[in-house]
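Coordinate analysis (summary)
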Amino acid sequence: SMGQLVMAICLSRANDVETELVAKMDEVDRASEKIAALTSIQQELVNWYDTHTVSDTFDFTLTSGWTFDYDGKTYDNVTWRRFLVETCEMENVDLLNKDSLTHAEVEDLINTVGDKMDAYNSVSQSTLIKIQSLTSKRDQSYDLVTNVLKSFNTQLMGLANNI
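In what follows, the accompanying structure is described. (Residues numbered from 1 in each chain as written. Predicted model: local features only at pLDDT ≥ 70, side-chain atom pairs only at ≥ 80, totals over all residues. Heavy atoms only, no water.)

**Topic: the overall build of the protein**
When its secondary structure is counted, the protein shows 3 helices and 4 strands. The order of helices and strands in the protein, counted from the N terminus, is α-β-β-β-α-β-α. Taking 15 Å as the expected radius of gyration for a compact globule of 163 residues, we find that the protein reaches 26 Å, considerably beyond that expectation. Dimensions of the protein, computed from the C-alpha atoms along their principal axes, are close to 95 × 25 × 25 Å. (Helix = DSSP H or I, 4+ residues; strand = E, 2+ residues; numbered from the N terminus. Rg over C-alpha atoms; globule rule 2.2 N^0.38 Å.)

Okay, here's the thing in C-alpha cells:
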C-alpha cells in the first residue's frame, strides 16, 4: 500500500542516517581518547619541566612502558613517540626525532601537544554539530512516517464512516 511504501522509504532513510550517526559518534569517541592520552603526556612533560632546571635534558627514550586506551583496545608498553607519530600523526615534529630534549625543547613539545589537543577538540566540536544535524534528520524521517500514516488513517476512518 501507499502507507507501507512511504514507511519503507522513510525508515530506510532513517536507517542510513543512523548508520552515519553511529560513525560520527565513534569519531568523537576516538578524538576524546586521543585528547585524554595527550593530556596525560602533556601533564608528565609539564611535571618534568617544572621540576628540572634549564641545564637538564629530558631522555625521550625513557618514555616506554606507557599504557593507553584507544579505539576499544588497551595498548601496553608503548613509547610516547610511537603514540604521537602513529596515533596522532605528528610525524612532522622534529622534536620527536631526538632521543633527548633540552628544557626549551620540552616546553616546545608541551605547546605542540597542546596544539594537537586543540585540533582534536575542534574536530570533536564540529562533529558534535554534525551529530545534532543528523539526529534532526533522523527524527524528521520518523515524524514524516507518523504524519503520513496518521493522514492515511484519518482518510480511511472518513471512508469507513461514510460507508
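Let's pick the thread back up.
**Focus: the packing of aromatic side chains**
Applying the stated criterion across every chain, the model contains 2 aromatic pairs. Aromatic pair Trp48 and Phe58: ring centres 5.4 Å apart, planes at 75°, arrangement edge-to-face. Of this pair, Trp48 sits in helix H1 (residues 2–51) while Phe58 sits in strand E1 (residues 57–59), placing them 10 residues apart in sequence. Residue classification places Trp48 among the buried residues on the basis of a relative accessible area of 11%. Measuring from centroid to centroid gives 6.1 Å for Phe58 and Trp80, while their planes differ by 20°, and the two rings are stacked. On the criterion of sequence distance, the pair formed by Phe58 in strand E1 and Trp80 in helix H2 (residues 80–87) is long-range, its members being 22 residues apart. (Phe/Tyr/Trp six-rings, centres within 6.5 Å; stacked < 30°, edge-to-face > 60°. Buried < 20%, exposed > 50% of the residue type's maximum accessible area, 1.4 Å probe, protein only.)

**Things to note about a nonpolar patch on the surface**
Among the surface-exposed residues, Met7, Leu11, Tyr142 and Leu149 lie close enough to one another that they form a single nonpolar patch of about 320 Å² accessible area. The set of elements that each furnish at least two residues to the nonpolar patch consists of H1 and helix H3 (103–162). Mapped onto the elements of the fold, Tyr142 is located in helix H3. (Patch = residues over 30% accessible without salt bridge, like charges linked within 9 Å, V, L, I, M, F, W, Y side chains within 5 Å. Areas by Shrake-Rupley, 256 points an atom, 1.4 Å probe, with all protein chains shown as cover. Salt bridge = Lys/Arg side-chain N within 4 Å of Asp/Glu carboxyl O.)

**Some points on the packing of H1 against H2**
Packing of H1 against H2 brings their axes to within 12 Å, and their N-to-C directions diverge by 140°. The interaxial crossing formed by H1 with H2 has left-handed handedness. Here Lys34, Ala37, Leu38, Ile41, Glu44 and Leu45 of H1 lie close against H2, whose contacting residues are Trp80, Phe83, Leu84 and Thr87. Looking at side-chain class alone, the contact of H1 with H2 contains 7 nonpolar, 1 polar and 2 charged residues. (Axes fitted to C-alpha atoms, helices over the stretch in contact; angles between N-to-C directions. Left-handed = near helix turned anticlockwise from the far one by under 90°. Contact = heavy atoms within 4.5 Å. Nonpolar A, V, L, I, M, F, W, Y, C, P; charged D, E, K, R; others polar.)

**Things to note about unusual backbone geometry**
Positive phi values are uncommon outside glycine, yet Glu89 reaches one of about 55°. Position of Glu89 relative to the elements: it lies in the loop between H2 and strand E4 (100–102).

**Concerning the side chain of Ser124**
Position of Ser124 relative to the elements: it lies in helix H3. Residue classification places Ser124 among the buried positions, given a relative accessible area of 7%. Here Ser124 is in contact with Val28 and Ala31, once residues within four sequence places are set aside.

**Structural notes on the pattern of salt bridges**
The full count for this structure, using the stated rule, is 6 salt bridges. The shortest N-O distance in the salt bridge between Asp99 and Arg81 comes to 3.6 Å. Residue Asp99 is located in the loop between H2 and E4, and its partner Arg81 is located in helix H2; the two are separated by 18 residues in the primary sequence. Taking relative accessible area as the criterion, Arg81 reaches 24% and is therefore assigned partly exposed.

**A closer look at the packing of H1 against H3**
Between H1 and H3, whose axes approach to 8 Å, the crossing angle comes to 165°. Classified by the angle their axes make, H1 and H3 are roughly antiparallel. In the crossing of H1 with H3, the sense of the turn from one axis to the other is left-handed. (Parallel < 35°, antiparallel > 145°, perpendicular 65-115°, else oblique.)

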